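Take a look at the letters that make up each chain.
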Amino acid sequence: MTSPVPAPDPDGLLAEQLLRLTRRLHRIQKRHLEPVGITPAQSRLLRVVAHYDGAPRMADLADRLEVVPRAITTLVDGLEASGRVRRMPDPTNRRVVRIELTETGRVTLRELRSARRAAAEDILAPLTADQREVLGGLLSALVDGVPGPRCRPAAESS
């Protein structure tokens, strides 16, 4: 006698779909960033550095990106070698290193915007404008951890 097949777990299926989507997003983003000559992690670091008013400390970057400081050092090493950022001593504390965008880094940021738009279009191509709007609300609820308004299927909302 065989044991019964367990019923599908809807939450488990959703989690698996999200993991598969994450891997797909990473592959598509990586493909679009290759011509720019930058990794997704370096891209993220450049965007974070650009959002600061002044040159952030390496520790600030690690906190913002929620990674260990060693990971930031490796990313900065790569970006510095390509001329996109430079390390600067902190004027008030010689033990602190700050990270500054270079002109090459600013040009790269402009190229990244185009690459990200193209990657987003690849990912979102199967969705209508209405579906994209619903997805945006759902993703915001998941990212923020706050339940949003209930979405009703189109048939119910008419």
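See the structure printed just above.
A brief structural summary. (Residues numbered from 1 in each chain as written. Predicted model: local features only at pLDDT ≥ 70, side-chain atom pairs only at ≥ 80, totals over all residues. Heavy atoms only, no water.)

Turning our attention to the environment of V97. Positionally, V97 belongs in strand β2 (residues 97-101). Remark: the alpha-carbon pair of V97 and P56, spanning 41 residues in sequence, is separated by 8.5 Å. Those residues within four positions of V97 in sequence are excluded, and the remaining contacts are P56, R57, M58, R87 and M88. (Helix = DSSP H or I, 4+ residues; strand = E, 2+ residues; numbered from the N terminus. Contact = heavy atoms within 4.5 Å.)

Relative to the assigned elements, I28 resides in helix α1 (residues 10-33). The exposure class of I28 is buried, given its relative accessible area of 9%. Spatially, the C-alpha atom of I28 lies 9.3 Å from that of A118, the residues being 90 residues apart in sequence. Once residues lying within four places of it in the same chain are set aside, the contact partners of I28 are A119, D122 and I123. (Buried < 20%, exposed > 50% of the residue type's maximum accessible area, 1.4 Å probe, protein only.)

All right, on to the nonpolar core then. Grouped together as the largest cluster of nonpolar side chains are 21 residues, with contacts concentrated most on L45, L46 and I72. Those residues in contact with L45 that sit more than four places away from it in its chain are L61, L65, I72, L75, V76 and L79. (Core = buried A, V, L, I, M, F, W, Y, C linked by side-chain atoms within 4.5 Å.)

Attention shifts here to the packing of helix α2 (residues 40-51) against helix α5 (residues 103-124). Running from N to C, α2 and α5 cross one another at 120°; their axes reach a closest spacing of 10 Å. Judged on the interaxial angle alone, α5 and α2 are oblique. For the crossing formed where α2 meets α5, the hand is left-handed. Along the contact surface, α2 presents S43, L46, R47 and A50, while α5 presents G105, T108, L109, L112 and R116. Of the residues in the contact of α2 with α5, the class split is four nonpolar, three polar and two charged. (Axes fitted to C-alpha atoms, helices over the stretch in contact; angles between N-to-C directions. Parallel < 35°, antiparallel > 145°, perpendicular 65-115°, else oblique. Left-handed = near helix turned anticlockwise from the far one by under 90°. Nonpolar A, V, L, I, M, F, W, Y, C, P; charged D, E, K, R; others polar.)

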